[in-house]
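Structural overview for review
Read off the chains here:
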Amino acid sequence: MKTGSRIIKNSFSLIGGHGYGTMINLIATAIIARYLPLKVFGDYGYILAICMTFSVVTDMGTNQIMIREIARDKNRTQEIFSAGFLLNVLLSFLTASLIVVVVHLTTKGQHLTNPTYILTIAVLIYMLGDNFDIVFKAYERMKYNAYLKVIEETTFIAGIITVVVLDLGLSGICSAYLFAYTIRFITGYLFTSSYFFKPRLKWDLPAMKWILRESFPIGMSRIFRKTTFRIDTILLKLFRTREEVGVFHGVYRIIIIAMFIPRDITDSLFPIMSRYADGPKESLNALFEKSFKIILILTLPLIFTVYMASGWIITLI
């Protein structure tokens, strides 16, 4: 398949999967916002911000390095996957510790303890499941990423509806995340084993150190970027009321969900760029310029549309 056709196919696969995920997330947000009292919805937004902010420590940019190396040399897939996965496992312990410490320092009551623990485990399982996403992207067979997204989001909305029907509260909502992310992890493993390779984990400290060293600058950049996305919710929790946190989170959640289009296009391009980086720079520059123009063409109308329809969207959700 030609490079252009492959980019288009993979971009539409990722956008299709995340488009479905966006629709489900908006529905889920509307259900949760109506189900939880405003104070509790503020608590939900706060622990979600904390967990998502610190989840980047589990990744630390290893995803990009793994995709780059596998895309360049498929024969190293098993080695790179094993080292990256085990490195993520080690970093996940640091992530969990940071989340627990921050939540205990910034909240006075114990009403958030159990939901935080449940959501922390869910987020860590999600981050480890990203290792299977990496394989699909590196092999440029991103229809499997779309399949995973559809399965994950369908399981999630089913879990949320069950929580509301059974009135399981905030802990139940966090458990819906845990259930959906666990199904995603299992499905990703099955796809990888069936269509790519049998994952086998082998302790390789030199390879793990190399991946961490290569990914560290990317990881620091991701930490600062993630912090800018979530720090406002955390600061609101420290200085304002739980109700105000809930109102802000409900609106801001829409913006975060809608960021999938440029991300999906760049994800579909990254494996190709990784290979082009070893060749003539003219090809890499041309690909970069075209992709940048495509992202602008797709995102600028979306920004304008959301701005004009903001009142209708807020009322609906």
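Quick note: structure is the one above.
Just so we're clear, the structure is a prediction, and the values are computed from it rather than from any experiment.

Notes on the packing of helix α2 (residues 38-54) against helix α8 (residues 169-195)
- One way to put it is that α2 packs onto α8 with a least axis distance of 10 Å and a crossing angle of 35°. Between α2 and α8 the crossing geometry is right-handed. Residue-level inspection shows V40, D43, Y44, I47, L48 and M52 of α2 in contact with α8, the latter providing L170, I173, C174, Y177 and Y181.

Side note on the pattern of salt bridges
- In the structure shown here, the tally under the stated rule is ten salt bridges.
- In this structure, the salt-bridge partner of E79 is R76, at a minimum N-O distance of 3.3 Å.
- Take R76: its relative accessible area is 25%, and that puts it in the partly exposed class.
- Across the pair D133 and R184 runs a salt bridge, and its minimum N-O distance is 3.2 Å. On the criterion of sequence distance, the pair formed by D133 in helix α6 (residues 113-138) and R184 in helix α8 is long-range, its members being 51 residues apart. Neither residue differs from the other here; D133 and R184 are each classed as buried.

Concerning the nonpolar core
- Within the largest apolar cluster, 33 residues are counted, with the highest numbers of intra-cluster contacts made by L36, Y44, L119, I173 and Y177.
- Counting only elements with at least two residues in this core, the list comes to α1 (3-35), α2, α5 (77-106), α6, α7 (143-166) and α8.
- One finds F81, L128, F132 and F197 within the second-largest nonpolar core, a separate group that totals eleven residues.

Here is what the cut-offs are and how they apply
Residues numbered from 1 in each chain as written. Predicted model: local features only at pLDDT ≥ 70, side-chain atom pairs only at ≥ 80, totals over all residues. Heavy atoms only, no water. Axes fitted to C-alpha atoms, helices over the stretch in contact; angles between N-to-C directions. Helix = DSSP H or I, 4+ residues; strand = E, 2+ residues; numbered from the N terminus. Left-handed = near helix turned anticlockwise from the far one by under 90°. Contact = heavy atoms within 4.5 Å. Salt bridge = Lys/Arg side-chain N within 4 Å of Asp/Glu carboxyl O. Buried < 20%, exposed > 50% of the residue type's maximum accessible area, 1.4 Å probe, protein only. Core = buried A, V, L, I, M, F, W, Y, C linked by side-chain atoms within 4.5 Å.

Nothing here speaks to function; it is all geometry.
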